[in-house]
Amino acid sequence: MLDGEQYRKSLDDGRVIYFEGARVPDLAEHPLLGRAVDTVADGYDHWYDPREDARNPLTNVSASSADLQAMLPLFDEADGLLNLTYQTIMCLLTASSRIGDSDAPYPARMAAYVRDLQANDLRSALCITDAKGNRSLPPLRQEDPDAYLRVVDRRPDGVVIRGAKLHITAGALAHDFLVMPTKAMKPGEEDYAICCSVPIGSPGVSVVCRTSAARVEDTRDFPVSRDGVLSEGFVIFDDVFVPNDRIFLDGEVEHAAVFAHSLGLWERLKALTFMADDADVLVGLAQLIADANGLTRVPHIREKINDIIIYATLVRSGLLAAVSSSKVTPEGVAVPDECFTNAAKFYGAENYAVMVRHLHDIAGGSVVTAPSMADFDNAEIGPLVEKYMATGSGVTGRYRTALMHAIRDLTADTYGGHNAVIQLQAGGGLHAQRLVTRKHYDMAGAKRRALERTRLEAPASA
Ligand SMILES: Cc1cc2nc3c(=O)[nH]c(=O)nc-3n(C[C@H](O)[C@H](O)[C@H](O)COP(=O)(O)OP(=O)(O)OC[C@H]3O[C@@H](n4cnc5c(N)ncnc54)[C@H](O)[C@@H]3O)c2cc1C
């Protein structure tokens, strides 16, 4: 296993990173992106075990739904590993099982790649979302044929790929990318049916980063976004050579969607775990600020907090149902239930904004106008800020202001806006979850039950 320092050193692999118009010469030393490096490095230190055969427990593959359930607490401690590596491993194992027996060399290569990630403690980020050009046109009808990543050359020893993958979580922080088609492909679109892994330092790869990490010296007003924000990468593959042993699909359009669907399931499970935690935090903040504002017993405030409690409970129920109803593939991998995962992710994403609205309604305007924590330190104005932000009964101005900053940072500022979009879009937008839920829902069973309950007979055509 690697420790945090070894991880930092491993970033010196020729990777080409840009941030706000400038090339980043040393990622670990960058004032903003370096904090994301710290988060991943802290994760390495957290899990580090010097024994020769030690392996990060978050790269273990669950063999039963009980195993998967037992891993949920590890997801909370993941420090970026959920976005990096775990999802890659689970996506490949799920896709490999769904593709099934094949004469192609792909299953063996996927298995070897998974073993490599586990054995060498590498971080692999997931590159699925293409630039996509005009959303209503398929790849071959785009003005720019590179709007979807494609193979532009095939050689005896590998392929050359061109295109871009957008929004890639922790894109600059990984060692490797798992690249896959973002959607189903049709005959004629063989060049777009490519799945492969690419080391980030490969010639032709560039990552343009964005981050919603706090940009201030005094981070007391940003208790959420001051650390732990991973950043996203706009990853460009400008004629990148991929050797054969890293190719997991090349041209088999009938399997192109399998990777996206497999990843979608694990991405949504991950999103659900984050959502379940965020939901409890929303409940906690709503109750704390209601207490601090002296509104604990007011009926409409209680009702709004009750709504958030129901939301948090339902999101967690969906997560637990998804995991406890896992199905085990013939290869022995426990895979969460599609219907529960997608329906719960849909519900959580659709209602998140309403819960945040409740929190803002309960908290009041100080969420965005409270003085800075630094104002309390000013000898002239600090005591007056304290006096007017305090609400009595031991609730100091400092404490109440800090709560307001926590709410603003989590839900109403740069990171809060980022968080609102991620709840909706991570793992695909609402429509994608609606489609998958419907596809896996037992419609025949529902119709049968409806007929039985209402003592109707199905028409002969049904
Ligand atoms: C913070 C963040 C992190 C992310 N991390 C990753 C990551 O690590 N890896 C990765 O690969 N992706 C990642 N994503 C990307 C995410 O999966 C996409 O944002 C999501 O799938 C939507 O794609 P899009 O952004 O291109 O929006 P669009 O595809 O443009 O979707 C916008 C809207 O248009 C609708 N739409 C689009 N096309 C059609 C059509 N043909 N017909 C009907 N409706 C259509 C959609 O349903 C949606 O309502 C991340 C996104 C965010 C915001």
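So, a few notes on the structure that sits alongside this text. Here the structure is a predicted model, which is why all the values come from computation and not from measurement.

## A word on the overall build of the protein
What the protein contains, in helices and strands, is 15 helices and twelve strands. Against the 2.2 N^0.38 benchmark of 23 Å for 462 residues, the protein shows a C-alpha radius of gyration of 24 Å, consistent with a compact globule. Seen through its principal axes, the protein has C-alpha atoms that stretch 75 × 70 × 50 Å. The contacts of the protein with a sequence gap of at least 6 include a subset with a gap of at least 24, amounting to 76%. Element-wise, carbon and sulfur atoms account for 54% of the exposed surface of the protein, whose accessible area totals about 21,400 Å². Of the side chains in the protein, 47 bear a positive and 63 a negative charge, and the two mean positions are spaced by 7 Å.

## Details of the site of the ligand
The ligand sits among 17 residues. The nearest are Ile128, Thr129, Lys132, Arg135 and Thr169. Side-chain polar atom of threonine 129 to a nitrogen atom of the ligand: 2.7 Å apart, as the coordinates give it. Out of a free accessible area of 970 Å², the ligand has 64% covered by protein chains. Broken down by secondary-structure element, the contributors of at least two residues to the shell around the ligand are strand S3 (124-127), strand S5 (158-169) and helix H13 (414-425). When its residues are assigned to classes, the shell around the ligand shows seven nonpolar, seven polar and three charged.

## Overview of the sheet that holds strand S7 (residues 194-199)
The strand order across the open sheet built from four strands is S3-S6-S7-S10, with neighbouring strands paired in mixed fashion. Of all strands in the sheet, those with a lone pairing partner are S3 and strand S10 (247-250), marking the two edges. Each strand axis lies, on average, 20° off the axis of its neighbour in the sheet, ignoring direction. Across three bridges, the pairing between S7 and S10 is antiparallel. From the neighbouring strand, cysteine 195 faces S10, where its bridge partner is leucine 249.

## Description of unusual backbone geometry
The phi torsion at aspartate 121 lies on the positive side, around 55°, for a residue other than glycine. Secondary-structure assignment places aspartate 121 in the loop between helix H5 (106-120) and S3. Using a relative accessible area of 2% as the deciding quantity, one classes aspartate 121 as buried. We note that lysine 132 has phi near 75°; this positive angle belongs to a residue other than glycine. For lysine 132, the position within the fold is in the loop between S3 and strand S4 (150-155).

## Details of the sheet that holds strand S1 (residues 17-19)
Strand order in the open sheet made by the six strands is S2-S1-S8-S9-S5-S4, with mixed pairing throughout. Both outer strands of the open sheet, strand S2 (22-23) and S4, are each paired with one neighbouring strand and no more. Inspection of the sheet shows strand S8 (residues 205-210) paired to strand S9 (residues 232-243) by six bridges, in the antiparallel sense. Bridging from a neighbouring strand, serine 206 pairs with isoleucine 236 of S9.

## A short note on the packing of aromatic side chains
What characterises a pair of aromatic rings is the spacing of the ring centres plus the angle enclosed by the ring planes. In total, this model carries six aromatic pairs according to the counting rule given. Both rings, one in tyrosine 7 and one in tyrosine 44, keep their centres 4.9 Å apart while their planes meet at 25°; by these two values the pair is stacked. Taken together, the positions of tyrosine 7 in helix H1 (residues 4-10) and tyrosine 44 in helix H2 (residues 33-47) put the pair 37 residues apart, joining distant regions of the chain. By relative accessible area, which is 0% here, tyrosine 7 ends up buried. Take tyrosine 44: its relative accessible area is 1%, and that puts it in the buried class. Among the aromatic residues, those joined into a ring-pair cluster are Phe75, Tyr86 and Trp266. For arginine 123, the ring lying beneath its charged end belongs to tyrosine 44, and the centroid distance is 3.7 Å. Lysine 183 extends its terminal NZ or CZ atom over the ring of tyrosine 148, reaching a point 5.9 Å from the ring centre.

## Some points on the state of the cysteines
Tallied over the entire structure, the rule returns zero disulfides. Free of any disulfide, cysteine 195 has its nearest neighbouring cysteine sulfur in cysteine 196, separated by 6.5 Å. Note on cysteine 195: relative accessible area 0%, which makes it buried. Cysteine 196 sits in the buried class, given a relative accessible area of 0%.

## Some words on the side chain of arginine 400
Mapping arginine 400 onto the fold places it in helix H12 (residues 397-411). One buried charge, arginine 400, has no salt-bridge partner; the nearest side chain with opposite charge is glutamate 386, at 9.3 Å. For arginine 400, the side chain forms a polar contact with the main-chain oxygen of methionine 389, separated by 2.8 Å. In contact with arginine 400, other than residues within four places in its own chain, are Ile289, Ala292, Asn293, Ser366, Met389, Thr391 and Val395.

## Quick notes on the environment of lysine 439
For lysine 439, the position within the fold is in helix H14 (residues 430-440). Judged by relative accessible area, lysine 439 falls into the exposed class, the value being 61%. Between the C-alpha atom of lysine 439 and that of cysteine 339, which follows or precedes it by 100 residues, the distance is 8.3 Å.

## Structural notes on helix H4 (residues 82-99)
In this model H4 runs 24 Å from its N-terminal to its C-terminal C-alpha over 18 residues, within 8% of the 26 Å that 1.5 Å per residue would give. Where burial is concerned, most of H4 is hidden: 16 out of the 18 residues are buried. A positive phi of about 80° marks glycine 100, the residue just after H4.

## What about the nonpolar core?
A general feature of soluble globular proteins is that nonpolar side chains tend to end up buried together. The biggest cluster of nonpolar side chains holds 130 residues, and the ones touching the most others in it are Ile161, Phe177 and Phe237. Top element by residues in this core is helix H6 (residues 256-293). It accounts for 19 residues.

About the criteria used
Residues numbered from 1 in each chain as written. Predicted model: local features only at pLDDT ≥ 70, side-chain atom pairs only at ≥ 80, totals over all residues. Heavy atoms only, no water. Helix = DSSP H or I, 4+ residues; strand = E, 2+ residues; numbered from the N terminus. Rg over C-alpha atoms; globule rule 2.2 N^0.38 Å. Contact = heavy atoms within 4.5 Å. Areas by Shrake-Rupley, 256 points an atom, 1.4 Å probe, with all protein chains shown as cover. Lys, Arg positive; Asp, Glu negative; His and termini not counted. Charge placed at Lys NZ, Arg CZ, Asp CG, Glu CD. Near = heavy atom within 4 Å. Polar contact = N/O pair within 3.5 Å; in protein donor to acceptor, adjacent residues only side chain to side chain. Nonpolar A, V, L, I, M, F, W, Y, C, P; charged D, E, K, R; others polar. Pairing = 2+ DSSP bridges. Axes fitted to C-alpha atoms, helices over the stretch in contact; angles between N-to-C directions. Buried < 20%, exposed > 50% of the residue type's maximum accessible area, 1.4 Å probe, protein only. Phe/Tyr/Trp six-rings, centres within 6.5 Å; stacked < 30°, edge-to-face > 60°. Lys NZ or Arg CZ within 6 Å of the ring centre and 35° of its normal. Disulfide = S-S within 2.5 Å. Salt bridge = Lys/Arg side-chain N within 4 Å of Asp/Glu carboxyl O. Expected span 1.5 Å × (residues − 1). Core = buried A, V, L, I, M, F, W, Y, C linked by side-chain atoms within 4.5 Å.

Remember that the coordinates give geometry; whether it matters functionally is a separate question.
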